[in-house]
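As a plain string of letters, each chain reads:
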Amino acid sequence: MNNDSVIENVFKSLRKNKGKAFIPFITCGFPSMEGFLDLFKALDRSGADIIEVGIPFSDPLADGPVIQETSKIALENGINTDIIFTYLSRVREESSKPIVIMTYFNTVYRYGVERFLDKSKGAGVNGIIVPDLPLEEFRYYKYFKKANIDNIMFASLTSSRERLMTVARKSRGFIYCISVKGVTGVRNNVNPEIIDFLKGMRGITKLPLALGFGLSNRKQVSQIKNYCDGIIIGSKILSLVLEAESFGDGIKAVEDFATDISKVLKSH
């Protein structure tokens, strides 16, 4: 079995060309199941390097209002974990882009940890983020290893150095660095503490560092891209769809935005 991390390989090839990864986030089942597929394909053709897919959850701890709204719509569309795996399999048939899913531990636990990882592998998932799984519950990570799926962990400004070192040791694929103290959502400026935080993380680990939470425009991305290996943008992309007069207009706005951000991340 090939144990190379597909995700880490994406970062390695980008690094050779001094490029950074563009990682958009979308919610599975939003605005509809077919609409989700269209959104995924739009991002795939507009410069995304890795695509993060959120599994809707009724009480999302880390998500701001935009992602909560898309989760609510997806749940009203009748989404469940089995349907999600079916649609991820459909995406995988048409795209070779690495897929990372973000889900809360309750979803995984209720489904069965080993079964969830097996189904994820079968659907072509390359990495999983479980924001509310404590480091102390690391016994579950043997299932990640068995399925050859990267466990991607959060590192935040408020974490102690000791905790960040543990996160770095136990993560695979990349480390999801949180750029704000709080939930996801669109913000206009980059907190200067972030640059110090990323420099500190670089001293702790050689794993790729991807920055997310609150990034929404090319100015922020230009300011921060030299201190990390990738940028994660979710709320801004989803708000373009939520605010559009039609889904077609939303897709076009997402394609234009994604193409622009990707260019910024690939320019030296």
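A few words now on the sheet that holds strand E1 (residues 21-27). Strand order in this closed barrel of eight strands is E1-E2-E3-E4-E5-E6-E7-E8, and the pairing throughout is parallel. Adjacent strand axes in the sheet meet at a mean angle of 25°, parallel and antiparallel pairs treated alike. Direction of pairing for strand E5 (residues 150-156) relative to strand E6 (residues 175-178): parallel, over a ladder of four bridges. Within the sheet, the bridge partner assigned to Ala-155 lies in E6 and is Cys-177. Where helix H12 (residues 247-266) meets the sheet, it contacts E1 and strand E8 (230-233), and its direction lies at approximately 155° from that of E1.

Across the junction of Phe-30 and Pro-31, the peptide omega takes the value -5°, indicating a cis bond. By the secondary structure assignment, Pro-31 is in the loop between E1 and helix H2 (33-45). Phi is positive for Lys-18, close to 55°, though the residue is something other than glycine. The residue Lys-18 is located in the loop between helix H1 (6-16) and E1 in this model. A residue is classified by how much of its surface remains accessible, and Lys-18, at 60% relative accessible area, is exposed. With a phi close to 55°, Asn-148 is a non-glycine residue in the positive phi region. Note that Asn-148 resides in the loop between helix H7 (141-147) and E5.

Another point: the packing of helix H3 (residues 65-76) against helix H11 (residues 235-243). It is at 9 Å that the axes of H3 and H11 come closest, and there the two elements cross at 55°. If you check the angle between H3 and H11, you find them oblique. Crossing handedness for the pair H3 and H11: left-handed. Judged by residue contacts, Val-66, Ile-67, Glu-69, Thr-70 and Ile-73 of H3 engage Ser-235, Leu-238, Ser-239 and Leu-242 from H11.

Here is what the cut-offs are and how they apply
Residues numbered from 1 in each chain as written. Predicted model: local features only at pLDDT ≥ 70, side-chain atom pairs only at ≥ 80, totals over all residues. Heavy atoms only, no water. Pairing = 2+ DSSP bridges. Helix = DSSP H or I, 4+ residues; strand = E, 2+ residues; numbered from the N terminus. Axes fitted to C-alpha atoms, helices over the stretch in contact; angles between N-to-C directions. Contact = heavy atoms within 4.5 Å. Buried < 20%, exposed > 50% of the residue type's maximum accessible area, 1.4 Å probe, protein only. Parallel < 35°, antiparallel > 145°, perpendicular 65-115°, else oblique. Left-handed = near helix turned anticlockwise from the far one by under 90°.

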